[in-house]
Amino acid sequence: MTDATPDQIDGAAAKGRLDRLRAGLKRRHAKETRFKWYGRLAIAAAMLFLAVLLVRIVEQGHTAFYTHTVTVPVFMDPARVDRAYPQGSNFEQLAAEQQLARMGIQDDAAGTKAAQMKRLFSSELKFVAADLVAKRSEVIGETVPLAVPLSDDADLYLKGEISRETPEDQRRLTDQQIAWLDRMQTEGVIGSHFNTALFTNGDSTQPELAGVLGAVVGSALMLMVTALIAIPLGVGAAIWLEEFAPKNKLTDIIEVNINNLAAVPSIVYGLLGLALFINWMHLPRASPIVGGLVLALMALPTLVIATRSALKAVPPSIREAALAMGASKTQTVFSHVLPLAMPGVMTGAIISMAHALGETAPLLLIGMVSFVPGVPHAIDQPVGALPSLIYIWENASERAFHERTAAAIIVLLVFMIIMNAAAIILRRRFERRW
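Predicted model, so just to flag it, every value in this text is computed and none were measured. (Residues numbered from 1 in each chain as written. Predicted model: local features only at pLDDT ≥ 70, side-chain atom pairs only at ≥ 80, totals over all residues. Heavy atoms only, no water.)

Caption draft 1: Fine view of the packing of helix α9 (residues 249-261) against helix α11 (residues 288-312). Packing of α9 against α11 leaves a shortest axis separation of 8 Å and a crossing angle of 120°. Considering their axes alone, α9 and α11 lie oblique with respect to each other. As for the relative orientation of α9 and α11, their crossing is left-handed in sense. On the side of α9, the interface is formed by Glu 255, Ile 258, Asn 259 and Leu 261, while α11 contributes Pro 301, Val 304, Ile 305 and Arg 308. The residue makeup of the contact of α9 with α11, split by class, is 5 nonpolar, 1 polar and 2 charged. (Axes fitted to C-alpha atoms, helices over the stretch in contact; angles between N-to-C directions. Helix = DSSP H or I, 4+ residues; strand = E, 2+ residues; numbered from the N terminus. Parallel < 35°, antiparallel > 145°, perpendicular 65-115°, else oblique. Left-handed = near helix turned anticlockwise from the far one by under 90°. Contact = heavy atoms within 4.5 Å. Nonpolar A, V, L, I, M, F, W, Y, C, P; charged D, E, K, R; others polar.)

So, in structure tokens, the structure goes:
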């Protein structure tokens, strides 16, 4: 057996260390590769879930953006139309009977067929006819065409949401009503068009007449109150904490509490608003002023944190240069630091407002869960909001409200996307890199 020389031993040891280093590098590279793939899989899963959510919402809600209207000629029978009080005339019964007669269908003694035909028309028919008679009384004795929405069930059938294959006792339309709808559609009496009522009407107990305008105006009024309160207070508090407050235990406690308040569940702010603004201050329940105050309390911590981050991003050299030129502390902050931090401040304000726009739980606790028809015109009137309207419609018993729920979600998402896009554009437009 031949003994190895010292050079051979050193070479073998070096080779062993080199092999171990290569093996370690290989394991590290493999870990990095696996980590990259984990990140890619996580992003792909998030994108997949987001795509499924958006597709499901669009699939359920796209039908709410168009509707069907029936045009029926109605003879304004002078014996049945009250000239002095047209609102008391039974225009729905009149239109149903005359439509049956035009189709060559004889009603029975109990008026069952006329009642079934009447259920195919929206209740809007009586208001359209009454308004026409009130404005032009000379139409009494004439035949006038009335274009009115179909009822919600008839509209759903024409959209394919109600199938004739479903047993008759399991759907709200009878076989006879479906046959009438098919015949009227073939005759060209029924037409489809963009559902402008969805954006021009307030809430309604009739799904075919319900719209989001009242909720949009209510949300806008609340956001106006929120912005007027939260932005000045939040920005002012952030400036004081970041630029003027002494560094002691008191300010440390304030900072910790602000960070903790940003993580408090929104329903807690609703309970606070119920106890403070309604039960103690006796402000109007379900009004934009109460909703705006509650959302302002919720938005304040986020706004303070975002503003402080924007102020911290301004280099200390800006402050030092201003002070060296003889500017006071206040002049330095408001003439130099704050203008440079304004893109971040505006971004934080818009994001906090967008967050407030989508909140539901606080609004439900202060009474914005009841039916509010029409469009609000003041901050002390009961109003609805888009999130609470979505909650109300989703819990409604009528099936047609469910498609409008998805449509309202789409409208809310559009507003959220616009606000977040505005924040991104403002940041990129005015941001400075130091």
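Caption draft 2: Quick peek at the layout of surface pockets. Estimates place the volume of the largest pocket at around 320 Å³. Forming the boundary of the largest pocket are 20 residues, of which Arg 119, Ser 151, Asp 152, Asp 153 and Arg 172 lie nearest the centre. Among the residues forming the lining of the largest pocket, the class breakdown is 4 nonpolar, 7 polar and 9 charged. (1 Å grid on protein atoms, 1.4 Å probe; cavity = no way out; pocket = protein on both sides within 12 Å on 5 of 7 lines; lining within 4 Å. Points joined across faces, edges and corners; volume = space filled by probe spheres on them.)

Caption draft 3: Broad picture of unusual backbone geometry. The residue His 282 is not glycine, and still its phi comes out positive at about 60°. Mapped onto the elements of the fold, His 282 is located in the loop between α10 (266-280) and α11. Given the relative accessible area of 62%, His 282 is considered exposed. (Buried < 20%, exposed > 50% of the residue type's maximum accessible area, 1.4 Å probe, protein only.)

Caption draft 4: Looking closely at the domain arrangement of the protein chain. As assigned here, the protein chain comprises domain 1 (67-193) and domain 2 (210-428). Counting from both sides, the interface comprises 7 residues of domain 1 and, opposite them, 4 residues of domain 2. Where domain 1 touches domain 2, the interface holds 1 salt bridge. For Lys 159, the salt bridge identified is with Glu 403, shortest N-O distance 3.2 Å. Between domain 1 and domain 2 we count 2 residue pairs in polar contact (both at pLDDT 80 or more) in total. Counted by class, the side of domain 1 that touches domain 2 contains 2 nonpolar, no polar and 5 charged residues. (Domains from an automatic or database assignment. Salt bridge = Lys/Arg side-chain N within 4 Å of Asp/Glu carboxyl O. Polar contact = N/O pair within 3.5 Å; in protein donor to acceptor, adjacent residues only side chain to side chain.)

Caption draft 5: Quick peek at the side chain of Ser 266. As for its position among the elements, Ser 266 is in helix α10. By relative accessible area, Ser 266 is classed as buried at 17%. Those residues in contact with Ser 266 that lie beyond four places of it in its chain are Met 298, Glu 359, Ala 361 and Pro 362.

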